[in-house]
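Descriptive structure summary
Here are the chains, one letter per residue:
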Amino acid sequence: MSHTSGVRQAQKQKTRQALLDAALVLLEDQSLSSLGLREVTRAVGVAPTAFYRHFRSTADLGVALVEEALGSLHPMIRATVSPDGGSEERIARAVELIAGHVAAHPAHVRFVARERHGGVRPVREAIREQLARFAGEVKDELAKDPVSAGWSEADLLMLAGLYVDQMLATASLFLETLDAPEGERRRAADNATRQMRLISVGRRHWLE
């Protein structure tokens, strides 16, 4: 690759990221279905036609945001249910990891929470596909745990889905209390811990 083409590619990537970042800011107060590409390009300072050099539509941009929001989380999700440590240690680790992610990336969490059941079908499907991947990876981690001895594949996947849904619910709870007083944030963390503990208790007695 020549120096010129390398610079051009870097600039193209920079503009693409700027469009994603601008869209994420604009989506703080509206859904993707109401977002116009002119709003996004105006925020970045490029012509509307430049948008189509990077995305086919706002739905395509939304799918890219899903990948940006969820694509890098697979190691973290697996870590929350890793068989390392006791049950209470794993629960505490999960709550801490989720809280940290929400604090670091609130706009991404808000986008996924809103668009998971939103009006843009390709984005809903992209989120559903990512969550299905999470469930499959969590299932594989759960299968390594001696507690899972005797469980069927279907039941392990069901349990994995419960954990993934609970992680999403916990992230939404932390998002709602992000700017709340410390006491309210602590109560949210305690509530999330108790909910995960309930799943853990049910898991230990499922085969009975």
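Located above this text is the structure these notes cover.
Residues numbered from 1 in each chain as written. Predicted model: local features only at pLDDT ≥ 70, side-chain atom pairs only at ≥ 80, totals over all residues. Heavy atoms only, no water.

Take the overall build of the chain next. Scanning the chain for helices and strands turns up 10 helices and 0 strands. Tracing the chain from N to C terminus, the helices and strands come up as α-α-α-α-α-α-α-α-α-α. Excluding contacts between residues fewer than 6 apart, the proportion of contacts in the chain whose partners are at least 24 apart in sequence is 66%. A total accessible area of about 11,300 Å² is found for the chain, and carbon and sulfur atoms account for 54% of it. Within the chain, the 27 negative side-chain charges are centred at a point lying 6 Å from the centre of the 27 positive side-chain charges. (Helix = DSSP H or I, 4+ residues; strand = E, 2+ residues; numbered from the N terminus. Contact = heavy atoms within 4.5 Å. Areas by Shrake-Rupley, 256 points an atom, 1.4 Å probe, with all protein chains shown as cover. Lys, Arg positive; Asp, Glu negative; His and termini not counted. Charge placed at Lys NZ, Arg CZ, Asp CG, Glu CD.)

Structurally, Asp145 is set in the loop between helix H8 (121-143) and helix H9 (153-176). The contacts of Asp145, once residues within four sequence positions are left out, are Pro83, Arg90 and Arg203.

What follows concerns the nonpolar core. Note on soluble globular proteins: their nonpolar side chains tend to be buried together. Core analysis: the largest hydrophobic core is formed by 55 residues, its most contacted members being Leu65, Leu70, Phe111, Val138, Leu142 and Tyr163. Here the element with the most residues in this core is H9; it accounts for 9 residues. In this structure Val138 touches Ile77, Val81, Ala160, Tyr163 and Val164, once residues within four positions along its chain are discounted. (Core = buried A, V, L, I, M, F, W, Y, C linked by side-chain atoms within 4.5 Å. Buried < 20%, exposed > 50% of the residue type's maximum accessible area, 1.4 Å probe, protein only.)

Our next topic: the packing of helix H4 (residues 58-70) against H8. The packing of two helices is summarised by the inter-axis angle and the distance between the axes. The geometry of H4 relative to H8 is characterised by a closest axis approach of 8 Å and an angle of 20 degrees between their N-to-C directions. As the angle between them shows, H4 and H8 are arranged roughly parallel. For the pair H4 and H8, the crossing hand works out as right-handed. Where H4 abuts H8, its residues Ala59, Gly62, Val63, Val66, Glu67 and Leu70 lie against Pro122, Val123, Ala126, Ile127, Gln130 and Phe134. Among the residues forming the contact of H4 with H8, the class breakdown is 9 nonpolar, 2 polar and 1 charged. (Axes fitted to C-alpha atoms, helices over the stretch in contact; angles between N-to-C directions. Parallel < 35°, antiparallel > 145°, perpendicular 65-115°, else oblique. Left-handed = near helix turned anticlockwise from the far one by under 90°. Nonpolar A, V, L, I, M, F, W, Y, C, P; charged D, E, K, R; others polar.)

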